[in-house]
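Descriptive analysis of the structure
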Amino acid sequence: MDSSNDEALDIIITNVVATFRTRCHLNLRTIALEGTNVIYKPEVGKVLMKLRKPKVTASIWSSGKIICSGATSEDEAKLGARRLARSLQKLGFKVRFSDFKVVNVLAVCSMPFAIHLIDFTKKNRPIASYEPELHPAATYRIKHLKATVQVFSTGSITVTGPNVQSVATAVEQIYPLLFECQKPRYN
Amino acid sequence: MSSRTCRTCGGTDIDVDASRGNAVCMGCGAVLEDNIIVSEVEFVESGGGGSHAVGQFVSGDASGTNPNFGEGYYTGVGKESRAQTLANAKRNISTMGHQLQMNQHCLDTAFNFYKMALNKHMTRGRRSSHVIAACLYLVCRTEGTPHMLLDLSDILQVNVYILGRTFLVLSRELCINAPALDPCLYIPRFAQLLEFGEKNHDVSMTALRLVQRMKRDWMHTGRRPSGLCGAALLVSARMHDFRRTIKEIVAVVKVCESTLRKRLTEFEDTPTSQLTIEQFMRVDLTGECDPPSFTAGLQKKKLHQLELELQKKMDDVEDEIQCYQDEIDTELENCRPKLKGVYAAYAREDGVDNSTSSSEAEVAGDEEEDEELQAVAKHFGKELSELTVEALRELDDRRPAGAAKGGPGEGREEEEDEEEQERGGGGGGGGGRKGPSLESILGPMPTAASLGLPETISRCIGDEKENDGAADSGELDLNGIDDGEIEWYLLNESEVKVKTALWMAENSDYLKEQKEKEAKIAKEKELGIYKEKKRKTPGRRRDPIRASTADEAIEKMLEQKRISSKINYDVLKDLNIRPGASPAHQAPSPAGTPTKKLPSRTRRPTHTPLSLGTPLSTLGKRLQPFITGLPAKKPALDQPPPAAPAVVADPVPSSVVVESGPVVYDDAAGDEDDEEEEEPYVSAMQLMGGGEYGCDGEYDD
C-alpha cells in the first residue's frame with residue numbers, strides 16, 4: 001500500500017538478475033560457434049548469450065552456472081532462464097534446470113518533490129551516506145531488508161534488493177523520511 | 001648533579017669530569033666517584049666508514065616487554081609486529097601529510113584513526129596505503145581543511161573511487177560522521193593557485209558570495225563542489241577584470257570543461273545572473289530557485305505528457321477507422337466463398353507457423369506467415385513492424401470480448417496468449433480474452449483448438465506450482481517455451497562452418513598462446529619437472545619443541561627437520577629403544593647406516609660396522625650398564641626415544657666433548673657405539689656450529 005500519499009507511486013522494475021545451474025559441464029566453444037547472439041570471452045572464460053524475447057543477457061560459464069540479467073520481472077527472468085536452458089539443451093548438452101534463484105532486483109521510483117540531500121543525510125546519520133565528490137546520490141542501506149536505496153536530489157530514487165517484495169517495502173519505508181526533507185517548491 | 005660533601009675534608013667543591021668519569025674533591029683531591037655512568041649517545045664505526053649510534057630505538061607506545069626466547073617466544077613476536085605496523089603507519093602518514101602540507105595536529109589525529117581502524121581489524125585485506133589515505137582524508141573532513149580526495153589519489157596514483165570506497169567503509173566502521181563538504185572551503189585554495197595577486201582577497205570574497213548564492217539556488221546538491229567553485233571563480237575573475245580562461249581553471253579545479261560550461265549555463269538561468277556586478281555586491285535576492293536538474297525533470301515530464309495526449313488522440317481516431325473497417329470486412333467475408341479441404345489444410349499450416357512466430361515482426365522470415373501476418377496487419381490498418389502483441393491485445397479488448405469463444409479461435413492464439421499471460425504474471429481466467437479477432441475475419445481455422453481452452457486454463461492455474469516442481473526436480477519445464485523460436489538461436493551446419501572459420505581467424509593469437517602453453521606443459525611433463533600449479537604453500541607450521549635439556553631439544557628438532565639425508569633416522573630411533581634385542585632384525589638396517597655415515601666420518605677410517613649387531617660384551621664396560629638398562633624401559637617408552645637418549649645423553653656429553661677432535665681411532669669398539677648414538681648429537685653440533693669434520697657429508701643436504 002502506498003501509504004499517506006494521494007497519487008500512487010510508480011515503482012518500475014528495470015532489472016532482475018537471476019542465477020541457475022545446469023548441473024552439467026558446458027563446452028563454451030561449442031556454444032560460441034553454434035549459437036547466434038553469442039559473445040565469447042576466453043580471457044574471462046564465459047560466453048554471453050542474448051535472448052530477444054524476454055530481453056535478457058546471460059553469462060554462461062563452463063561449470064554450468066548461468067547468470068541471467070535484463071529481465072523486467074521475476075517471472076520474465078524465469079522464462080528467459082528456461083529458454084536459455086532449452087537452447088542449450090538443443091545444442092546437445094544434458095541440461096537440467098536447477099537452483100533457480102533471483103539474486104537482485106533493481107527498481108526506480110520518482111518522487112513528486114525534490115530532496116535536500118544534506119538534510120536527509122544529517123537526519124539519518126549512520127545509515128545514510130553522501131559523498132558529493134564520489135557520487136551525486138545519497139546512499140541509504142536498509143540492513144534488515146538487505147536493500148540499498150540511492151536518493152538523488154531530483155527526487156528520483158533507485159532501489160536494489162534481493163527480491164521484488166523487499167524493494168517495495170524499502171520504498172514504503174523510505175518515503176516518510178524523504179518527505180520530511182523535501183525541498184520547498186517555488187513555482 | 002647534587003653537590004655532595006667530600007668525605008675526607010668536608011668540602012663541597014667537587015669537580016665531576018665526564019670524560020674521565022671521575023668525581024674529585026677540589027679541596028683535598030680525594031676521588032669520590034669513579035666510573036661514573038654517563039648517559040650520552042655513543043657512536044661506533046660500521047664497515048664502510050659510516051658511523052651509527054649505539055643502542056636501539058624503542059617506540060614510545062610499545063609495551064616494552066623484551067621478547068623471551070624459549071617459552072614466551074611467540075607472544076613476544078606478536079607484540080613486536082604490532083609495534084612495527086604502527087611505526088610503519090606513522091611514518092607513512094607523516095610522509096603523505098607533509099606532501100599535503102598538513103599540520104602535526106592533523107597527523108596525530110590521523111594516527112589515532114589508524115589505531116582505531118587497526119583494532120577493528122579493518123586493515124586486513126586492504127592496501128595499507130589506501131587505509132592511510134582514508135584516515136588522512138577523514139581528518140581533513142573533520143577538521144575542514146581544503147583537501148580533496150582527488151589530491152590524495154593524485155599522490156597515490158590510485159583511482160579516486162577506490163579510495164572513496166575505503167573511506168566510506170572506514171567512516172562507517174568508526175562511526176565518524178564527516179560533515180558534508182562545503183564548497184566555500186575550496187575557494188581560498190583555488191584562488192591561491194590562480195594567482196590573483198593583490199586582489200586575491202576580493203576575488204575570493206566575490207566567489208564566496210557567488211557560491212553561497214548557488215547554494216541557495218540549489219545548484220550544489222549532488223554536484224562536485226570543485227565544479228561549483230570553478231564556475232564561481234571564473235565569474236568572479238571576470239568581474240574583477242582578470243582574464244582567466246576556462247582551460248586554466250580546469251587545470252586548477254580538475255573538472256571537465258563541459259562541466260564548467262554546464263554550471264555556468266545553470267547559473268545563467270537563475271535570476272541572480274541578471275543583476276549587474278554592483279547590484280550583486282549590494283543586494284541579495286530573496287527568492288530561491290528550484291535545482292536545475294529538477295527543472296529539467298519537470299520539462300521532461302511535460303513533454304512526456306504531451307506525447308501521451310497526442311497518442312490518445314491518435315488512438316481515438318484510429319478506433320473509429322477500425323470500426324468502419326471491421327464492418328466492411330465482415331460484410332466482405334460473408335460474401336466471400338469459404339474454401340474447405342485444400343484451403344483448410346493450407347490454413348492449418350499457416351496457423352502452426354504463425355503460432356511459431358508469435359506474431360512478432362522481427363521473426364518474420366518465413367514467406368508463408370508473411371502473408372498471414374500482413375493480412376492481419378492490413379486489417380488493423382498498421383504496418384507489419386508495428387504489429388505487437390500489445391497492440392493486438394488492445395485491439396482485442398476493444399472488440400466484444402468473450403463473444404463467440406468458438407473453438408477455432410483458441411488454437412491459434414493459445415501460444416501467444418500463454419506468453420502474454422506469463423509475461424503479465426500469470427493471469428487468471430485463461431479463456432477470458434479470446435476475442436475471435438483473426439479467425440473470424442479470415443475464415444475458420446480448424447486447428448486442434450477444442451482442446452485448447454481447458455488446457456490453457458489448467459496451465460494458467462497450475463503455472464506457479466509446475467514451475468516450482470520443475471526447479472526441484474531439475475527437469476526442464478518446457479511450458480511456454482517455443483521450440484521453434486529456440487531453433488532460431490542455433491545456427492545450422494553451413495553457418496557453423498562459416499562462423500568457425502571467422503572465429504578462428506579472429507582469435508588466432510589467443511589460440512596460439514594456448515597451444516604454446518600446452519606444448520610447454522607436455523614438454524615439462526616429459527622431463528619430469530612439471531609443477532602442477534605453483535601454489536605458495538604457507539610454510540608448514542611446526543609445533544614448538546618442548547624439551548627439558550638442550551640435547552633433548554636438539555634430538556627432537558633433528559627428528560622433525562631431518563637435516564641429513566645420509567642418516568637413516570629410523571634406525572636411530574630403533575637404536576635407542578632396543579639396542580641389544582633382536583640384533584638380526586637390526587643387522588640389515590645398520591648395514592646400510594654405516595655406509596651412509598661413512599662420508600661424514602671420513603677421518604675415522606677404522607670403523608667396523610658394529611653398531612647393533614655386535615654382542616654387548618664387546619662393548620666397553622662403560623656403556624654396558626646403560627645399554628642393558630634400556631630394554632627394561634622399553635614398555636614405558638611409548639613416546640619416542642627421548643627418555644632413552646636422555647639416559648644415555650648425560651654421560652655422553654662428556655665423551656662428546658672429549659671426542660670432538662679426530663682422536664677416536666684407538667677407541668674402536670666402545671666409543672664407536674657411543675658415537676653411533678652420539679652421532680645425531682655430534683652432527684647436530686656440527687651443523688649448528690662446529691663444522692670441523694664431516695663438512696662434505698652434511699652440507700650436501
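First things first, this report covers the structure right here in the doc. Treat the numbers as computed from the prediction; the structure is a model and nothing was measured.

Now for the packing of helix H3 (residues 128–143) of chain B against helix H5 (residues 160–173) of chain B. All names here are of chain B. The N-to-C vectors of H3 and H5 enclose an angle of 70 degrees; their axes lie 9 Å apart at closest approach. Comparing their axes, H5 and H3 come out roughly perpendicular. Both H3 and H5 take part in a crossing whose hand is right-handed. Between H3, through His130, Val131, Ala133, Ala134, Cys135, Tyr137, Leu138 and Arg141, and H5, the contact on the second element is made entirely by Ile162, Leu163, Thr166, Phe167, Leu170 and Ser171. The residue inventory of the contact of H3 with H5, partitioned by class, reads 10 nonpolar, three polar and one charged.

Next up on the list: the environment of Ile39 of chain A. All names here are of chain A. Looking at the element boundaries, Ile39 is found in strand S2 (residues 38–41). The class for Ile39 is partly exposed, based on a relative accessible area of 38%. Each C-alpha atom of the pair Ile39 and Met49 lies 6.5 Å from the other, and the pair is 10 residues apart in sequence.

On to the side chain of His116 of chain A, then. Along the polypeptide, His116 of chain A turns up in the loop between strand S6 (98–110) and helix H3 (117–123). Sequence-distant contacts of His116 of chain A, that is, excluding residues within four places in its chain, are made with Cys181 and Lys183 of chain A together with Trp218 of chain B.

What follows deals with unusual backbone geometry. When glycine is set aside, most residues are seen to have a negative phi, and most peptide bonds are trans. Backbone geometry places Lys146 of chain A, a non-glycine residue, at a positive phi of 60 degrees. As for its position among the elements, Lys146 of chain A is in the loop between strand S8 (138–142) and strand S9 (147–151). Phi angles above zero are rare outside glycine, and Lys254 of chain B is one such case at about 65 degrees. As for its placement among the helices and strands, Lys254 of chain B is situated in the loop between helix H9 (246–253) and helix H10 (257–269).

Within a beta sheet, neighbouring strands are joined by backbone hydrogen bonds and run either parallel or antiparallel to one another. All names here are of chain A. A sheet is described by the order of its strands in space; here 10 strands give the open sequence S2-S3-S4-S5-S1-S6-S10-S9-S8-S7, paired in antiparallel fashion. The sheet is open, and its two edges are formed by S2 and strand S7 (128–130), each paired on a single side. Strand-to-strand twist of the sheet, defined as the mean angle between neighbouring strand axes without regard to direction, takes the value 15 degrees. Bridge analysis of S7 against S8 gives three bridges, and the strand direction is antiparallel. When the bridges of S8 are listed, Tyr130 appears paired with Ala138. Along the sheet, helix H4 (residues 164–180) contacts strand S1 (11–21), S6, S8, S9 and strand S10 (156–161); its crossing angle with S10, the most-contacted strand, is approximately 140 degrees.

Our focus in this paragraph is H4 of chain A. Residue and element names in this part refer to chain A. In this model, H4 (17 residues) spans 25 Å end to end at C-alpha, consistent with the 24 Å of a helix rising 1.5 Å per residue. At Ile174, H4 is deflected by roughly 30 degrees, the largest bend along its length, and proline Pro176 occurs up to four residues later in sequence. Lining the buried residues of H4 we find S1, S6, H3, S8, S9 and S10.

The rules we used
Residues numbered from 1 in each chain as written. Chains lettered and ligands numbered in written order. Predicted model: local features only at pLDDT ≥ 70, side-chain atom pairs only at ≥ 80, totals over all residues. Heavy atoms only, no water. Axes fitted to C-alpha atoms, helices over the stretch in contact; angles between N-to-C directions. Helix = DSSP H or I, 4+ residues; strand = E, 2+ residues; numbered from the N terminus. Parallel < 35°, antiparallel > 145°, perpendicular 65-115°, else oblique. Left-handed = near helix turned anticlockwise from the far one by under 90°. Contact = heavy atoms within 4.5 Å. Nonpolar A, V, L, I, M, F, W, Y, C, P; charged D, E, K, R; others polar. Buried < 20%, exposed > 50% of the residue type's maximum accessible area, 1.4 Å probe, protein only. Pairing = 2+ DSSP bridges. Expected span 1.5 Å × (residues − 1). Bend = angle between axes of the 7 residues up to and from the residue.

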